[in-house]
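Chain and residue survey
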Amino acid sequence: MVKHCELLIKNVRIASMQDNNRPYGSIENAMLAISDGVIEYVGENSQTFTGDQCYDGQNSWMLPGLIDCHTHLIYGGNRATEFEKRLQGLSYTEIAQQGGGIQSTVNATRKASKAQLLASAIKRAARLLEEGVTCIEIKSGYGLDLDTEIKMLEIARELEQQLPVNIIATYLGAHTVPAEYKDKPDDYVTFICQQVIPEIARRKLAVAVDVFCESIGFSPQQCERVFIAAKQHGLGIKAHVEQLSDLKGAKLAADFGAWSVDHIEYLEPSDVAALKDAGTVAVLLPGAFYFLNETKKPPVAALREHKVPMAVATDLNPGSSPLASLLTAMNMASVFFGLTPEEALRGTTVNAARALGLTNKGKIEQGMDADLCLWDIEHPSELVYGINHNRPSAIWLRGQHV
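Reference entry: report on the structure contained in this document. Not measured: the values here are computed from a predicted model. (Residues numbered from 1 in each chain as written. Predicted model: local features only at pLDDT ≥ 70, side-chain atom pairs only at ≥ 80, totals over all residues. Heavy atoms only, no water.)

In terms of helices and strands, the protein carries 15 helices and 15 strands. Relative to its length of 402 residues, the protein is compact, with a C-alpha radius of gyration of 21 Å against a globular reference of 21 Å. Considering only contacts within the protein whose residues lie at least 6 apart along the sequence, 72% involve residues at least 24 apart. Here the protein displays about 16,100 Å² of accessible surface, and carbon together with sulfur accounts for 47% of that area. Counting 37 positive and 48 negative side-chain charges, the protein places the averaged centre of each group 2 Å from the other. (Helix = DSSP H or I, 4+ residues; strand = E, 2+ residues; numbered from the N terminus. Rg over C-alpha atoms; globule rule 2.2 N^0.38 Å. Contact = heavy atoms within 4.5 Å. Areas by Shrake-Rupley, 256 points an atom, 1.4 Å probe, with all protein chains shown as cover. Lys, Arg positive; Asp, Glu negative; His and termini not counted. Charge placed at Lys NZ, Arg CZ, Asp CG, Glu CD.)

Turning our attention to helix α5 (residues 146–162). Over its 17 residues, α5 extends 24 Å from the first C-alpha to the last, a length consistent with the 24 Å expected when each residue adds 1.5 Å. The set of residues buried in α5 consists of Thr 148, Glu 149, Ile 150, Lys 151, Met 152, Leu 153, Ile 155, Ala 156 and Leu 159. Buried-residue contacts for α5 involve α3 (102–111), α4 (114–130), β6 (133–139), β7 (166–174) and α6 (185–203). (Expected span 1.5 Å × (residues − 1). Buried < 20%, exposed > 50% of the residue type's maximum accessible area, 1.4 Å probe, protein only.)

The subject of this paragraph is the sheet that holds β7. With parallel pairing, the eight strands of this open sheet are ordered in space as β5-β6-β7-β8-β9-β10-β11-β12. Of all the strands in the sheet, just β5 (66–68) and β12 (310–312) have a single pairing partner and so form its edges. Pairwise comparison of adjacent strand axes, ignoring direction, gives a mean angle of 25° for this sheet. Relative to the sheet, helix α7 (residues 220–232) contacts β7, β8 (208–213) and β9 (236–241), its axis offset from that of β8 by approximately 180°. (Pairing = 2+ DSSP bridges. Axes fitted to C-alpha atoms, helices over the stretch in contact; angles between N-to-C directions.)

Next up on the list: the sheet that holds strand β15 (residues 400–401). Spatially, the seven strands line up as an open sheet ordered β3-β2-β1-β4-β13-β14-β15, and their pairing is mixed. The open sheet has two edge strands with one neighbour each: β3 (38–44) and β15. Sheet topology note: the strand β1 (residues 3–15)/strand β2 (residues 26–35) ladder contains six bridges and is antiparallel. Residue pairing for β2: Ile 14 is matched across the bridge by Ile 27.

In this section: the side chain of Ser 35. One can find Ser 35 in strand β2. Under the relative-accessibility criterion, Ser 35 is labelled buried at 16%. Engagement of the side chain of Ser 35 in a polar contact is seen with the side chain of Glu 40, the distance being 3.1 Å. (Polar contact = N/O pair within 3.5 Å; in protein donor to acceptor, adjacent residues only side chain to side chain.)

Moving on, we get to the packing of aromatic side chains. For the coordinates displayed, the defined rule picks out twelve aromatic pairs. Chaining the aromatic ring pairs together yields one cluster made of Tyr 181, Tyr 188, Phe 191 and Phe 218. The aromatic ring of Tyr 75 is capped on one face by Arg 124, whose charged end is 3.6 Å from the ring centroid. Its end group placed over the ring of Tyr 266, Lys 296 keeps NZ or CZ at 5.8 Å from the ring centre. (Phe/Tyr/Trp six-rings, centres within 6.5 Å; stacked < 30°, edge-to-face > 60°. Lys NZ or Arg CZ within 6 Å of the ring centre and 35° of its normal.)

Right, dumping it as structure tokens:
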């Protein structure tokens, strides 16, 4: 019996990212049937479907739309002068202690209008979309007061109206202690927990909270208070942990069932089992490792041993990773951290989706959203191997050709 669909894509090789015991979850000589923005069928070419629209992939490779699961792309100003200071010998921590770092971006973001922030965010997001990114996580955290944090999260939502992309918004109030709370960090955490989180949850502006658990950020005890408030208001948990030191933030986040722990350069291999037990994804951010000229690497061998899913993201931000290329981040993850090309691609598709609590994206299989990219390449590894070599020849977002 012949079935009908809205969109039929034929003659493609598919790197599905399914667990089908083939590299990249590959399916040769394949086709896709899509209706209502969802994949209805994926498998070998056959005559079982007709479509309102038909697309001949000409034996190119089809992959899931890429997912950048960790960005800070809404902000005011830039930090090029701090980049210069680091080249002159100052460390990231020293610059932060001198009033630079995150606080300088907070000042610029508070001063910027909503229109200015939206315009600059569109430009940055557009660079990611050129490379086949169809879903972006965006964190707040450069306002730190109620009004600016809400403004940032509203802009994140508006990006979906301006660009063909899915946006996942995360509230990162515990990014740094703002100047007005300089000597009262616990009072600021109280403000986060009692005023901001309830309001953001009420207005459904974010799906998760994040924290910066670090000596220049927030202590594990303070982060725990934020996690408790997040759980009370039905928000997911993510965490910047073990980037500059080992405060056991990853274990703490895992205890709260975190979707992901991010950076983790100083994570002890003995703590990796806690991530596995919690189903927590390890998000690797090689852009920050590169830009800050770090040498301590995440415990990739232990993550592999315990079968902890590894995601890869740009960490696009003005201070430590001004990187608007997820393809380059994949290359960096392979060169610096030793990920295989397949691990890097799974890290920006299926594992990136897991890091955002998404169950309908990141793979090409029946029932998943039809967020797809077609690439004129001979093998999926080319996307990780080449630097600025590739752009998708076609993109679909929920089955609509972009």
